[in-house]
Amino acid sequence: MFKAIVSADTLRAALDSVGVLVEECKIHLTDDGIQISAVDPANVGMVDLTLESSAFESYETDGGVIGVDLSRLDDIAGMADAGQLIELDLDEETRKLQIRIDGLEYTLALIDPDSIRQEPDIPDLDLPAEVVVEGRDVDRAVKAADMVSDHIALGVNTDEETFYVEAEGDTDDVHLTLDREDLIDLSAGDAHSLFSLDYLSDMNRAVPLDAEVVIELGEEFPIKIHFEIAEGQGDVTFMLAPRIQSD
Amino acid sequence: MFKAIVSADTLRAALDSVGVLVEECKIHLTDDGIQISAVDPANVGMVDLTLESSAFESYETDGGVIGVDLSRLDDIAGMADAGQLIELDLDEETRKLQIRIDGLEYTLALIDPDSIRQEPDIPDLDLPAEVVVEGRDVDRAVKAADMVSDHIALGVNTDEETFYVEAEGDTDDVHLTLDREDLIDLSAGDAHSLFSLDYLSDMNRAVPLDAEVVIELGEEFPIKIHFEIAEGQGDVTFMLAPRIQSD
Amino acid sequence: MFKAIVSADTLRAALDSVGVLVEECKIHLTDDGIQISAVDPANVGMVDLTLESSAFESYETDGGVIGVDLSRLDDIAGMADAGQLIELDLDEETRKLQIRIDGLEYTLALIDPDSIRQEPDIPDLDLPAEVVVEGRDVDRAVKAADMVSDHIALGVNTDEETFYVEAEGDTDDVHLTLDREDLIDLSAGDAHSLFSLDYLSDMNRAVPLDAEVVIELGEEFPIKIHFEIAEGQGDVTFMLAPRIQSD
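Residues numbered from 1 in each chain as written. Chains lettered and ligands numbered in written order. Predicted model: local features only at pLDDT ≥ 70, side-chain atom pairs only at ≥ 80, totals over all residues.

A.B. asks: Residues and numbers for the overall build of chain A, please.
C.D. replies: A tally of helices and strands in chain A yields four helices and 18 strands. Its C-alpha atoms give chain A a radius of gyration of 19 Å, near enough to 18 Å, the size a compact globule of 247 residues would have. Projected onto its principal axes, the C-alpha positions of chain A cover 60 × 35 × 35 Å. Counting every position in chain A, which comprises 247 residues, the buried fraction comes to 40%. In chain A, the share of contacts with a sequence separation of at least 24, taken over all contacts with a separation of at least 6, comes to 70%. (Helix = DSSP H or I, 4+ residues; strand = E, 2+ residues; numbered from the N terminus. Rg over C-alpha atoms; globule rule 2.2 N^0.38 Å. Buried ≥ 20, exposed ≤ 12 C-beta atoms within 10 Å, placed from the backbone. Contact = placed C-beta atoms within 7 Å.)

So this is what it looks like as C-alpha cells:
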C-alpha cells in the first residue's frame, strides 16, 4: 500500500536528482519516506536520495519497492504547476501507479524492479577534505570548465586554505579559487582529483543555485556532493569516481 | 473593395484558428464581417470562423472573396505588437492585399480562390450531449492524453452527469472526469466517441485558455467545438470526424 | 601591458558589433581606448569600432595589438551578469589574456595577429544623403524585408524629403517610408542603392533598438551605418558595399 500527496516542485526536485544519472530506478517505500539509490551504466556516478514522509502533505505506506520510468514520471509531474498537489496511489493488483493532478488521472505502468540495474552500495569513504559552497558557485565553475575541456580538477590547498577548480583545455584554461571568505565552510585536507565533466555537468543540473553544497574530496579519490531539497526534508548525495590523471 | 483596420491580436486569433487546419483559405468579405470555412486535405477536420465587422476598428467592403496564404499573413501580423493596429486594403486591379503596420507597408500577393480546396458544407448535426468547459481544462486533457496515446475518447456519463476524457496507451492511461461542479454547463445525453489526437492537439492550440468552450458530442459521431474570440465578436467552430473504435 | 576592468554589457555590446561580421579580429590597444577594424571574407561588409578608455572602470596599457577569437571571448563575457565587472589582464610572456569574473579566472589563448585577415582601409566617402533614424525602425524594416526577399533597397526621395526602404520579392513587396516627422534628422540628397539582406540582417543584430542610427547613402554607393554604444563612449561604424541592380 502506498498513498501520498506531494507538491509538484518537491516531487520534481527529487526525481531530477536521480534522473540526471539513470532512466529507470527502484523506489523504496518505508515508514520514514521514500529512498532511491542508483548508479549509471558505466558505474562512474552514483546517487542516493531520501525524501522524508514529512516532505509530503500526506503519506501512508506498508512498505515495498516499485520500479519507475523516471522520464515518464517527470513528464507527468511537469503537467502540474509548481505549487499544485500531486496524489500518488499504488494499485497493488495491477502494479500501476495512479497519479492525480486536480481531477486529471494518469495511470502509470510500473517496471518490474528485478529488471532494473542493481542498486549500488555507496561506499562509506572517509575523505580528508570537506568544503561547503553555494550551489551557484558550483554552477559557475562547471559551466566555465565545460567551455574549455571535458574534464575538471577539484582540490583543496591546505596552505592557503582554499578550494579550487581547474580545467585545462588545449588552448584555454579555467580556474576558480574560493577562500574561507567565499566558502560557507572548509575543513582543509590534502585533496586533488580529476573528474569527467559529462557527469559533473549532469549532476550540476540537479543542484539548486541557492543550496548549501557539501563537497567531500581526497587525493585521486571519488568526490561526494551532498545537498538538501524540499526545505531540508530531502537529502541528495552524488558520488563520482575520479578519472585517472593523464600526466 | 475592402478596407479595414484591426488590432494585431484580434487578427492573429482569427488566423490561428484556421491556420491549425489548412495552409490556404478563402476569406468571404461581407457587410457583416469576414467569414472563413475550411477543411483539411483528409476531410477529417473542419473549421468555420466569423469575425464581425464590429471586431474591427474600421471596416468597409462591397463584398467578394479573396484567397490567402495563411502562414504568410500570420507572419506579417506577427510583426506587430499585440495592441498595434493593422490596416488591410485590397487592390482590386493587382489582386494584392496592402497591409500597413505603423508606416510599414507589406504587399501580399493573393491566391486565386478557384485554386483553393473547396469549402466544406459543415453539417447541421443535432448532437445529444453538450458540455461547456474552460479552455484550460481542454488543454490539460489533450496534453495529458498526448503523452500516452495517439487517440482520445470523449464522452458523457448520463447517470453520473459527468463529462469524461480517456486516452489508453500501450502501458499508461489518462482519465479526466469533470462533474457539474467542474463544468460551466452540461446537457447530458448518451455520448462516447474516439478522435485522433493529431487533429485535436492542433485545434487545441487555437483555443484560448480562458475561453468558455462549448462541446457537442454523440455516440460515434463527430464532435463540435465552439468558442468565441475577439471579446465575443468572433466565433470559431471546429468539427472533427470520429475514428472508428478499434475494439 | 594591458589591464582593464569593464562591465559585462559594455564588453558584449562592443564584441557583438564586430562578431556579426568576422570570427577573429585584431584589437588595437591605445591610450585612448581600444579600436577594432574588420572586413568580412567576401570584402562586402566592414566594421570600425572604438571603445574609449572612459567606457572602462579602469584602463591601463602601453599599447600593442592582440588577436582574439570573438565567439570564444563572447562566450566568456556571457558567463557574467549584465552589470557584473570583467577584468582583463594581458600576460605578455605567454600571450594569453587573463579574464576574471568574480573569482573565476579564464585564460584565453590569443591568436597571432599576423594570421588574421588584414584590416580594411575604410574609405572616407562623401555621401550625398544622411538620415538619422531610430534603431527600432531599422529593425522593423530589415525584418519585414527579410520575409519577402534577399535584397533591400534604401534611398532618399529629395522631393518628398523622405527616407525609404523597399524589398521586392517574387510575389510580395515591403515598403517603409519615413518622413521628417518620423526621422530624427534628414539631409536630403539623391540616393538609392541595393544591398544584400544577409549582411544587413547581421549588422542589424548589433544595433540597439533605442539607438540613434546615422545612415549615409548615395546612388549605387556603399552605405555607412553609425551608432553609439556604452552610453556614448563607444562608436560603431558599419560600411556595406552595394549590390549591382539586377534590372
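A.B. asks: Any details on the interface of chain A and chain C? Residues and values, ideally.
C.D. replies: Every contact between the two is made by 13 residues of chain A and, on the other side, nine residues of chain C. Among the secondary structure elements, those contributing two or more residues to the side of chain A that touches chain C are helix 3 (135-146) and strand 13 (173-179) of chain A. Looking at the side of chain A that touches chain C element by element, the count peaks at six residues for strand 13 of chain A. Among the residues making up the side of chain A that touches chain C, the classes are represented as five nonpolar, three polar and five charged. Bridge count between strand 13 of chain A and strand 9 (residues 104-109) of chain C: four bridges; the pairing is antiparallel. Residue pairing for strand 9 of chain C: His 175 of chain A is matched across the bridge by Glu 105 of chain C. (Nonpolar A, V, L, I, M, F, W, Y, C, P; charged D, E, K, R; others polar. Pairing = 2+ DSSP bridges.)

A.B. asks: Run through the domain arrangement of chain A, naming residues and quoting values.
C.D. replies: All names here are of chain A. Each domain of chain A was delimited in the assignment, giving domain 1 (2-113) and domain 2 (129-240). Taking only C-alpha atoms into account, the centre of domain 1 sits 28 Å from that of domain 2. Listed per partner, the contact involves 18 residues of domain 1 and 16 residues of domain 2. Elements represented by at least two residues in the side of domain 1 that touches domain 2 include exactly helix 1 (8-19) and strand 4 (45-52). When residues of the side of domain 1 that touches domain 2 are assigned to their parent elements, the largest contribution, eight residues, is made by strand 4. Residues belonging to the side of domain 1 that touches domain 2 are distributed by class as follows: ten nonpolar, five polar and three charged. (Domains from an automatic or database assignment.)

A.B. asks: Which residues make up the environment of Glu 181 of chain C, and what values go with them?
C.D. replies: By secondary structure assignment, the location of Glu 181 of chain C is in the loop between strand 13 (173-179) and strand 14 (185-187). Using a count of 7 C-beta atoms within 10 Å as the deciding quantity, one classes Glu 181 of chain C as exposed.

A.B. asks: Give a detailed account of the sheet that holds strand 6 (residues 64-69) of chain C, specifying residues and quantitative values.
C.D. replies: Residue and element names in this part refer to chain C. The sheet built from nine strands is open, its strands ordered 6-2-3-4-18-17-16-10-14 with antiparallel pairing. The outermost strands of the open sheet, each flanked by one partner alone, are strand 6 and strand 14. Across the sheet, the mean angle separating the axes of adjacent strands is 15° when strand polarity is ignored. In the packing of helix 1 (residues 8-19) onto the sheet, the strands contacted are strand 2 (24-30), strand 3 (33-39), strand 4 (45-52), strand 17 (223-229) and strand 18 (234-240), and the crossing angle to strand 4 comes to about 165°. Where helix 2 (residues 70-77) meets the sheet, its contacts fall on strand 2 and strand 6, and the angle it forms with strand 6 comes to roughly 80°. (Axes fitted to C-alpha atoms, helices over the stretch in contact; angles between N-to-C directions.)

A.B. asks: I'd love a proper account of the packing of helix 1 of chain C against helix 2 of chain C, names of residues and values included.
C.D. replies: Residues and elements named next belong to chain C. For the pair helix 1 and helix 2, interaxial distance at closest approach is 10 Å and the crossing angle is 155°. Judged by the inter-axis angle, helix 1 sits roughly antiparallel to helix 2. Seen along the crossing, helix 1 lies across helix 2 with a hand that is left-handed. Where helix 1 abuts helix 2, its residues Ala 8, Leu 11, Arg 12, Leu 15, Val 18 and Gly 19 lie against Leu 70, Ser 71, Leu 73, Asp 74 and Ala 77. Taken together, the residues of the contact of helix 1 with helix 2 break down into seven nonpolar, two polar and two charged. (Parallel < 35°, antiparallel > 145°, perpendicular 65-115°, else oblique. Left-handed = near helix turned anticlockwise from the far one by under 90°.)

A.B. asks: For the relation of the copies chain A and chain C, give the residues involved together with the corresponding values.
C.D. replies: Of the two same-sequence chains, chain A is brought onto chain C (RMSD 0.0 Å, axial shift 0.0 Å) by a rotation of 120°. The two molecules are tied by a three-fold rotation axis, judged by turn and shift. (Least-squares fit on C-alpha atoms with pLDDT ≥ 70 in both.)

A.B. asks: An account of the interface of chain B and chain A is needed here, citing residue identities and associated values.
C.D. replies: Taken residue by residue, the interface counts 13 residues in chain B and nine residues in chain A. Considering only residue class, the side of chain B that touches chain A consists of five nonpolar, three polar and five charged.

A.B. asks: Could you give me a rundown of unusual backbone geometry, with the residues and numbers involved?
C.D. replies: With a phi close to 45°, Glu 220 of chain A is a non-glycine residue in the positive phi region. Of note, Glu 220 of chain A is situated in the loop between strand 16 (212-217) and strand 17 (223-229). Accessibility expressed as a C-beta count within 10 Å gives 13 for Glu 220 of chain A, which makes it partly exposed. At Glu 161 of chain B, a residue that is not glycine, the phi angle is positive and equals roughly 55°. Within the fold, Glu 161 of chain B resides in the loop between strand 11 (151-157) and strand 12 (162-168). In this structure Glu 161 of chain B comes out as partly exposed when scored by C-beta crowding, with 13 C-beta atoms within 10 Å.

A.B. asks: So, the pairing of strand 7 (residues 85-91) of chain C: which residues are in play, and what are the values?
C.D. replies: Residue and element names in this part refer to chain C. Examined bridge by bridge, strand 1 (residues 2-7) and strand 7 share five bridges and lie antiparallel to one another. Its bridge partner being in strand 7, Ser 7 is matched across the sheet by Leu 85. Note: strand 7 against strand 8 (residues 96-101), five bridges, orientation antiparallel. Across the sheet, Asp 91 pairs through a bridge with Lys 96, a residue of strand 8. The hairpin turn running from strand 7 into strand 8, its antiparallel successor, is four residues long, and Arg 95 in that turn takes a positive phi close to 55°.

A.B. asks: Could you give an account of helix 2 of chain C, naming the residues involved and the relevant values?
C.D. replies: All names here are of chain C. If you check which residues of helix 2 are buried, you get Leu 70, Leu 73, Ile 76 and Ala 77. The arc enclosing the buried residues of helix 2, seen along the axis, measures out at 125°, which places them on a common side. Buried positions along helix 2 lie against helix 1, strand 2, strand 6, strand 7, strand 8 and strand 9. (Arc of directions from axis to C-beta.)

A.B. asks: Any chance you could break down the pairing of strand 3 (residues 33-39) of chain A for me, citing the residues and the numbers?
C.D. replies: All names here are of chain A. Within strand 3, five of the seven residues are buried, leaving the element largely enclosed by the surrounding structure. Relative to strand 3, strand 2 (residues 24-30) runs antiparallel, the two sharing three bridges. Residue pairing for strand 3: Leu 29 is matched across the bridge by Ile 34. Taken together, the seven bridges between strand 3 and strand 4 define a ladder with antiparallel strand orientation. When the bridges of strand 4 are listed, Ile 36 appears paired with Leu 49. In this antiparallel pair of consecutive strands, strand 3 and strand 4, the connection spans five residues, and Asn 43 shows a positive phi of 65°.

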